[in-house]
Amino acid sequence: MKGKITTHILLLALLLFNLKLNDGQPVIRAAWSANPQTPLLKWQYGGCYSSWCETGWYSSPAVTDLDGDGSLEVIGSAYSIFVLDGATGTLKWQVSSGHDRSQPGANNVGRTWPGIVVADLEGDGDLEIVTAHSGGYLSVYNHLGYFKPGWPQNPSSGELRGLSVYDLDGDGILEIITTGAVSDKVNTWVFESDGTLGQGWPQLSNDSGYAWGIFNDNAAIGNVDSDAEGELIIPSDVHYICAYQPDGTQIQANPIYGDKAWGKVGVWESLETELRGWGTCRPEDERSERYRPNFAHSAATIGDVNGDGVNEVVVTGNVYDCISGYPSKYNGVYIFSRDRSRFNMDGFNWNTPPIDTGAPLSEDYNRIENAQPNPVLADLDSDGNLEILYPSYDGRMHAFWLDKSEHGNWPYAVYNPAVGVYHFASEPVVVDLDNDGFAEVIFSSWAEKGSGLTGKLYILDYLGNVIQEINLPDPFGSADWNGALPAPTLANIDSDADLEVVLNTAHSGLVAYDLPGTANARILWGTGRANYQRTGSFLQGNLSASVKQVDRILANSGESLNYTIVLRNPGPALPNVIVSDNLPTGTQYLGGLWASSGSYDLSGDVITWNGAVNTSKPVTITFTLIIGGQIDSPQMITNTAEIEDGLDKTYVRQATTVANGYAVFIPLNFHKNSP
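Residues numbered from 1 in each chain as written. Predicted model: local features only at pLDDT ≥ 70, side-chain atom pairs only at ≥ 80, totals over all residues. Heavy atoms only, no water.

Draft legend 1. Examining the overall build of the chain more closely. Scanning the chain for helices and strands turns up 2 helices and 45 strands. Computed over its C-alpha atoms, the radius of gyration of the chain comes to 27 Å, within 12% of the 26 Å expected for a compact globule of 675 residues. In terms of its C-alpha atoms, the chain occupies a principal-axis envelope of roughly 95 × 95 × 55 Å. When contacts within the chain are restricted to residue pairs at least 6 apart in sequence, those whose partners lie at least 24 apart make up 60%. Accessible surface for the chain amounts to roughly 26800 Å². Of this, 50% is attributable to carbon and sulfur atoms. Across the chain, 37 positive and 79 negative side-chain charges occur, with their mean positions spaced 6 Å apart. (Helix = DSSP H or I, 4+ residues; strand = E, 2+ residues; numbered from the N terminus. Rg over C-alpha atoms; globule rule 2.2 N^0.38 Å. Contact = heavy atoms within 4.5 Å. Areas by Shrake-Rupley, 256 points an atom, 1.4 Å probe, with all protein chains shown as cover. Lys, Arg positive; Asp, Glu negative; His and termini not counted. Charge placed at Lys NZ, Arg CZ, Asp CG, Glu CD.)

Draft legend 2. Looking closely at empty space enclosed by the protein. Overall, the coordinates contain 3 cavities of 30 Å³ or more when judged by the stated rule. Of the pockets and cavities examined, the largest cavity occupies roughly 160 Å³. Lining the largest cavity are 20 residues, and of these Tyr58, Asn374, Glu427, Pro486 and Ala487 sit closest to its centre. Its residues assigned to classes, the lining of the largest cavity shows 9 nonpolar, 7 polar and 4 charged. (1 Å grid on protein atoms, 1.4 Å probe; cavity = no way out; pocket = protein on both sides within 12 Å on 5 of 7 lines; lining within 4 Å. Points joined across faces, edges and corners; volume = space filled by probe spheres on them. Nonpolar A, V, L, I, M, F, W, Y, C, P; charged D, E, K, R; others polar.)

Draft legend 3. Molecular detail of the pairing of strand E11 (residues 159-166). Of all 8 residues in E11, 8 are buried; the element is thus mostly enclosed. Of the strand pairs in this sheet, E11 and strand E12 (residues 175-181) are connected by 7 bridges, and their pairing is antiparallel. Of the residues in E12, the one forming a bridge with Ser164 is Ile177. (Buried < 20%, exposed > 50% of the residue type's maximum accessible area, 1.4 Å probe, protein only. Pairing = 2+ DSSP bridges.)

Draft legend 4. Molecular detail of the sheet that holds strand E3 (residues 40-46). Taking strand neighbours across the sheet as the criterion, the 4 strands line up as E3-E34-E33-E32 in an open arrangement whose pairing is antiparallel. Looking at strand neighbours, the two that pair on one side only are E3 and strand E32 (489-491), the edges of this open sheet. Geometrically, the sheet is characterised by an average inter-axis angle of 20° between neighbouring strands, direction not taken into account. In terms of strand pairing, E32 meets strand E33 (residues 500-504) through 3 bridges, oriented antiparallel. Following the sheet pairing, Leu490 is matched in E33 by Val501. (Axes fitted to C-alpha atoms, helices over the stretch in contact; angles between N-to-C directions.)

Structure below.
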């Protein structure tokens, strides 16, 4: 009897451990992490040549349907830009960096550090690809790989390591923001979509703050002050952070710092020293006078960490001792309110940040490529607050709750001292693989140079416990190490229901793994810097690239018309989209109503569809009408679909056919003027 009682108590304890209150109701965790399925290698060596691969850096790939054929492409870059078929990894086309497809065989201008941007810059339903490279080249391509008018631009001779696009001024057109690894305080450029430099840019061009080179994809772009415009948060190679309005003017800081803008308020570990505005940097003085962060490789992220509707700014920094030699101590994390004061709300007091999070293993990229501590925001445990995750040069992945502690098994070490070979971790992505309310964290690692080892793909649960850990492919060619430096990208790249994870590796090209059992996954942070605009902030989904088509421009009475609606959303996911399509007068429904996902119905003369439109996975809706016999003269038949995104925005898409019309061919004569 005692044994049975003990067993029952143990089972009850396990059950209670997996309970979580959600709006006062108990929720039992689903079993994905308890019964995980191993990621399956789908394809590898994407974009590689017959015996080698270009060296991949920190550029996260993008996934989208570039050509509107219903199949997804993977777009990645090491030096060249590669466009691959998502399902197979086969090359569709490539261009050399700084060139387009009209220049086959051109040499690359340099490597690609920031993630690939894919976005509809002009709101015309056509996607553009934006890339930035060493040599200071900034390129905008149409979906076929040819330069858009006004591009490329070459704003700097230094490497462009930061790239984002965002509608800064709210006019419906996305601006292009790039930052440079330069030896100058002028480190940030904003371009219009036509290649002209934005008014008030580049910055920093005055004495409103302090700035220097930007050696990682540091910028965060988003709405910090709840107005109708976007702001730019720009950490750089100083202990200051600049914050700009769309016109390049600095945002004013809280009066506790005096009459200063963000960029003139230095960041110190000690708030007391920060408020004073300076420290002694003398070795005999206490650390509060000496410890401050440098932001050369430190990214910012914008998000509402405590769920009160107001965004905060989260920044990591390389905290160093400002005595002679400037020794690095640890990667610290800071939360700032929109007025630059330190976050202190709802009992979460970040006036004093977490300290001594882990000393650096190495900062020598000749030994191992540097860890980039890009902060990721995600609600791991569904409590309404965002946790802060970032990789560090201490060889660990960190996850801080707002109580300033790391729960469970966090931080998680990818470096094993017993092996003696350094490994670092990439920026993570976060996804609730089985939609049970508890997120999983996915990231990659890379090995020390000359080790002959490769990095791994990790899947951890929300408390930092390993679910899956598999070796990445060996290097292809003569390289003596491998791994993946950038954040993975999550997307459904084929025709099944499950997600895949795509990685841009150092020496085995682009690689994709199937994630079985993830058909109901909920992506929280799905690629490098949060989204394909690479903003380091949370965007609303956007259906502006959705289209409606008909297979005939001319048709006669009694003939059929095949309609296709494609809903495209660059992300984040839109869970409650509704489509209404009223059949045009003079037509009847013939059949063929189908959708690739969601629910659809025909009631009277109205076709409806509702469901989710997820990141980079288009939804296709098809149906067939017939032209009635009552139309016996030339007439325009316009079929209109209204698409409601669930966020109070409606898109109208139309397809027109001329019934009983005639095709008329008009000869055109072109005359060349004499010189």
